[in-house]
Amino acid sequence: GQQVMQIPQYQHVQEGEDFTTYCNSSTTLSNIQWYKQRPGGHPVFLIQLVKSGEVKKQKRLTFQFGEAKKNSSLHITATQTTDVGTYFCATADSNYQLIWGAGTKLIIKP
Amino acid sequence: KAGVTQTPRYLIKTRGQQVTLSCSPISGHRSVSWYQQTPGQGLQFLFEYFSETQRNKGNFPGRFSGRQFSNSRSEMNVSTLELGDSALYLCASSLEQGMYEQYFGPGTRLTVT
């Protein structure tokens with residue numbers, strides 16, 4: 001079945017540094033969604049990308065969908081403590097079931 | 001508009017018992033999905049209901065079951081609880097099936113002793 005590989009599993013950064021998480025697939029993705037889960041919270045929808053090469057920005061967050069629609073990335077510029085959490089990507093398979101990446105945990109070093 | 005609600009929020013059960021968890025989706029949402037999340041783990045898909053029919057099912061044993069009512073509210077049941085069933089159970093609703101954003105409830109924290 002369809003799978004999305006999300007890397008890295010963890011990323012430790014100093015506050016103010018950048019953060020990037022990647023989702024990769026061996027097959028073409030119809031579209032991709034990104035979610036954020038704060039510690040102790042539940043996943044919250046961030047954005048959906050559908051077009052090849054699409055780039056969307058939300059303040060310090062930049063989302064990209066690859067030209068071949070086989071990969072996507074989320075980049076955070078100048079991380080803040082409020083960015084701490086786990087970021088998940090998800091895509092729908094042919095049965096409309098959401099397939100989730102394993103998540104990348106953003107940890108701010110003290 | 002009220003968000004997704006889940007009841008109960010916390011539950012402690014003994015091994016061998018059964019449990020029923022409830023989820024009320026956002027008004028107008030017809031699709032409800034259930035996930036299991038254990039500490040440090042990602043989201044493990046249990047099943048999805050749409051128009052009272054199970055549309056997709058994850059790789060969980062038959063002890064895990066669910067249903068959806070005509071008002072889109074959903075319940076999931078776990079029979080013969082095992083220690084490994086201790087987890088956060090999340091419900092998510094979306095407008096329709098497919099690539100619509102999912103809105104998650106706060107979850108039910110189940111502890112099996």
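Whatever comes next refers back to the structure up there.
Below you will find a few notes about this structure. (Residues numbered from 1 in each chain as written. Chains lettered and ligands numbered in written order. Predicted model: local features only at pLDDT ≥ 70, side-chain atom pairs only at ≥ 80, totals over all residues. Heavy atoms only, no water.)

We now examine the nonpolar core. Membership of the largest hydrophobic core comes to 21 residues, with the highest contact counts inside it found for Trp34, Leu46, Phe64, Met76 and Tyr89 of chain B. Excluding residues within four positions of it along the chain, tyrosine 89 of chain B makes contact with Gln6, Leu21, Tyr35, Gln36, Leu46, Phe64, Met76, Gly107, Thr108 and Leu110 of chain B. (Core = buried A, V, L, I, M, F, W, Y, C linked by side-chain atoms within 4.5 Å. Buried < 20%, exposed > 50% of the residue type's maximum accessible area, 1.4 Å probe, protein only. Contact = heavy atoms within 4.5 Å.)

A separate point is the packing of aromatic side chains. For the structure shown, the criterion picks out 11 aromatic pairs over all chains. Plain terms: the ring middles of tryptophan 100 of chain A and tyrosine 35 of chain B are 5.6 Å apart, the flat faces sit at 85° to each other, and that makes the pair edge-to-face. Of this pair, tryptophan 100 of chain A sits in strand β10 (residues 98–100) while tyrosine 35 of chain B sits in strand β4 (residues 31–37), on two different chains. Using a relative accessible area of 10% as the deciding quantity, one classes tryptophan 100 of chain A as buried. Here a set of aromatic residues connected by ring pairs shows up, and it is made of Tyr35, Phe45, Phe88 and Trp100 of chain A together with Tyr35, Phe45 and Phe104 of chain B. (Phe/Tyr/Trp six-rings, centres within 6.5 Å; stacked < 30°, edge-to-face > 60°. Helix = DSSP H or I, 4+ residues; strand = E, 2+ residues; numbered from the N terminus.)

Moving on to the interface of chain A and chain B. Facing 20 residues of chain A, the contacting portion of chain B comprises 18 residues. With both chains or domains summed, chain A and chain B bury close to 1500 Å², and 58% of this area falls on carbon and sulfur atoms. When residues of chain A are sorted by the area they lose upon contact with chain B, Tyr96, Gln97 and Trp100 of chain A head the list and together hold 31% of the total. Applying the counting rule to chain A against chain B returns 0 salt bridges. The interface formed by chain A and chain B contains 5 residue pairs in polar contact (both at pLDDT 80 or more). Put simply, the parts of the chain that give the side of chain A that touches chain B at least two residues each are β4 (32–37), β5 (43–49), β9 (85–92) and β10 of chain A. Residues that form the side of chain A that touches chain B fall into these classes: 11 nonpolar, 9 polar and no charged. (Buried area = accessible area lost by both parts, 1.4 Å probe. Salt bridge = Lys/Arg side-chain N within 4 Å of Asp/Glu carboxyl O. Polar contact = N/O pair within 3.5 Å; in protein donor to acceptor, adjacent residues only side chain to side chain. Nonpolar A, V, L, I, M, F, W, Y, C, P; charged D, E, K, R; others polar.)

With omega at -10°, the peptide bond leading from isoleucine 7 of chain A into proline 8 of chain A counts as cis. At the junction of threonine 7 of chain B and proline 8 of chain B, the peptide bond is cis and its omega measures out at -10° in the coordinates. Within the secondary structure, proline 8 of chain B is located in the loop between β1 (5–7) and β2 (10–13). Phi at alanine 78 of chain A takes a positive value of approximately 50°, unusual for a residue other than glycine.

Here the focus is the pairing of strand β8 (residues 71–76) of chain A. All names here are of chain A. Two elements, strand β3 (residues 19–24) and β8, share 6 bridges in a ladder whose sense is antiparallel. Bridging across to β8, tyrosine 22 finds its partner in serine 73. Here strand β7 (residues 61–65) pairs with β8 via 5 bridges, running antiparallel. Bridge pairing in β8 places phenylalanine 65 opposite serine 72. Linking β7 back to β8 in an antiparallel pair, the connection comprises 5 residues, with lysine 69 at a positive phi of about 55°. (Pairing = 2+ DSSP bridges.)

This part covers empty space enclosed by the protein. Per the stated rule, a full pass over the model turns up 1 cavity of 30 Å³ or more. Looking at the largest cavity, its volume works out to about 50 Å³. Tyr96 and Leu98 of chain A together with Ser33, Glu48 and Gln102 of chain B are the residues nearest the centre of the largest cavity, which is lined by 13 residues in total. The element that contributes the greatest number of residues to the lining of the largest cavity is β4 of chain B, accounting for 3 residues. (1 Å grid on protein atoms, 1.4 Å probe; cavity = no way out; pocket = protein on both sides within 12 Å on 5 of 7 lines; lining within 4 Å. Points joined across faces, edges and corners; volume = space filled by probe spheres on them.)

On to the sheet that holds β1 of chain B. Residues and elements named next belong to chain B. An order of β1-β3-β8-β7 is seen for the 4 strands of this open sheet, with the pairing classed as antiparallel. Across the chains shown, the open sheet's two edge strands, defined by having one partner strand only, are β1 and β7 (64–68). Shown here is a sheet whose adjacent strand axes are inclined to one another by a mean of 20°, direction ignored. (Axes fitted to C-alpha atoms, helices over the stretch in contact; angles between N-to-C directions.)

As for its placement among the helices and strands, aspartate 93 of chain A is situated in the loop between β9 and β10. For aspartate 93 of chain A, the residues in contact, after removing those within four places along its chain, are Gln2 and Ile99 of chain A.

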